[in-house]
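Reading the structure
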Amino acid sequence: MSFAAPTDPLTGMQAARFGLYLHFPYCLAKCPYCDFAVAVARQVPEERYANAVLAELDARLSADPSLRTKPLESLFLGGGTPSLWHPRYVARVLEGIAARMSLAPGLEVSLEGNPERSDAERFAGYRAAGINRLSLGVQSFQPRTLKALGRAHDAAMVEGAVAAARKADFPVVALDFIYGVHGQTRAEVEADALRAVALAPEHLSTYALTVEREVLAEDTPLSKQLARGELTLPEDDDVVAMARTVRDVYGAHGLARYEVSNHARPGFSSRHNALYWTGGEYLALGVGATGMLLSPRPHRYVNLRSPEAYLRAVEEGRVPEASREDLAPEELFAERLSMGLRLVSGVDWEAVCERYGQPVEPRRAEVERLVAHGFATRDGRRLALTERGADVHSAICARLL
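Summarised in this report is the structure supplied together with it. Note that the coordinates shown come from a computational prediction; the quantities given were computed from them, not determined experimentally. (Residues numbered from 1 in each chain as written. Predicted model: local features only at pLDDT ≥ 70, side-chain atom pairs only at ≥ 80, totals over all residues. Heavy atoms only, no water.)

Once that is clear, we can look at the side chain of D348. For D348, the location among the structural elements is in strand β15 (residues 347-348). Apart from residues no more than four positions distant in its own chain, D348 is found in contact with L10, R381 and R382. (Helix = DSSP H or I, 4+ residues; strand = E, 2+ residues; numbered from the N terminus. Contact = heavy atoms within 4.5 Å.)

Glancing now at the sheet that holds β15. In space, the three strands of this open sheet follow the order β15-β17-β16, with antiparallel pairing throughout. Two strands lie at the open edges of the sheet, namely β15 and β16 (376-379), each paired on one side alone. Pairing analysis gives two bridges linking β15 to strand β17 (residues 382-385), with the strands arranged antiparallel. Within β17, the residue paired with D348 across the bridge is R382. Across the sheet, helix α14 (residues 361-372) lies against β16 and β17, angled at about 115° from β16, the strand it touches most. (Pairing = 2+ DSSP bridges. Axes fitted to C-alpha atoms, helices over the stretch in contact; angles between N-to-C directions.)

Turning our eyes to something else, we now look at the packing of aromatic side chains. Within this structure, the stated rule accounts for eleven aromatic pairs. For the pair Y21 and F76, a centre-to-centre distance of 6.1 Å together with 25° between the ring planes defines the contact as stacked. In this pair, Y21 is assigned in strand β1 (residues 18-24) and F76 in strand β4 (residues 72-79), connecting sequence segments 55 residues apart. Consider the rings of F141 and F177, whose centres lie 5.6 Å apart with planes at 50°: the pair is tilted. Note that F141 is positioned in the loop between β6 (133-139) and α4 (143-148) and F177 in strand β7 (residues 172-179), a separation of 36 residues in sequence. Residue classification places F141 among the buried residues on the basis of a relative accessible area of 3%. The positively charged end of R60 is found above the aromatic ring belonging to Y301, 3.9 Å away from the centroid. (Phe/Tyr/Trp six-rings, centres within 6.5 Å; stacked < 30°, edge-to-face > 60°. Buried < 20%, exposed > 50% of the residue type's maximum accessible area, 1.4 Å probe, protein only. Lys NZ or Arg CZ within 6 Å of the ring centre and 35° of its normal.)

This is a description of form; function is not addressed.
Set out below in structure tokens:
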């Protein structure tokens, strides 16, 4: 992958400045912890959906023609389960995007997949369509943890999926994991980490379920079980210990942590995800997709979450938005500072204040306290959280904001 993403001056992170997120909502089953816009479907309207997302793209480009000429530096197909989409329709969509927009050289094109949908022919089709980064939702190798998370695969399927991805010649294979699951132990998390690095992925994302629980919808099966006391999650101290175990194992095997929950081999960090952490803008297409654009003024929009309502709106010539909100400087400041502090490289916190018209001096004493107590380091104006600080990232951001 030869494309070198621009370096963000506030964080020093290589990141796409303009990306496109395409949401594929269909799944064979819904995981109990999931609050994404997904729909369980045995028969997926593959062609209809491909036509719809390209029609939505036409509508958005007509509304803002400047998006046609802005170099697109990353494209991410997420879900849902995008690996349910036949490669020929993925190819049709990618070709449609290429015909309508300006693509930066070496565009990063990612696709999420599940290990149980990993036959070699399908993966070869995605690679031929232009996918150059495959992200597999593993979550765990442990049968008990996989059952708790409602996952349909097993460890053998994961190994088969990685082998198929290597055979298809994807330049980047990324694996995603979850820890802090009910009933999970630190030893099991360590075993997952060791088995993950043995597969030699270029990238590993590992998220704590305790963090995700804060944003789960009230009607998810997991949140209902927690509310009824039918299960409990590991104690906070145990989850922190799990996080440190993961960091130690990954680091010892050449995957450096570059963001609170993400590790990569040198040169293989996710440029699309870094776009979110560094304040880039992104167009979003598909059911329930969220986009953030800076023109004609900074705003965020969210598409309709019902697949049928989305398809009907697009086919009737309407923009399929459920909501749109303009973003005030205060909101942009809060997001830019908190996301920048997720990065190991840190953020020029004074420049963030200056950019969004926020006072520096009232925060300086708090910054010095964070440094003095070992929660952060400061190099000139660049503030970066230590591992101790990263464990309490949300609390630190609350104090600074």
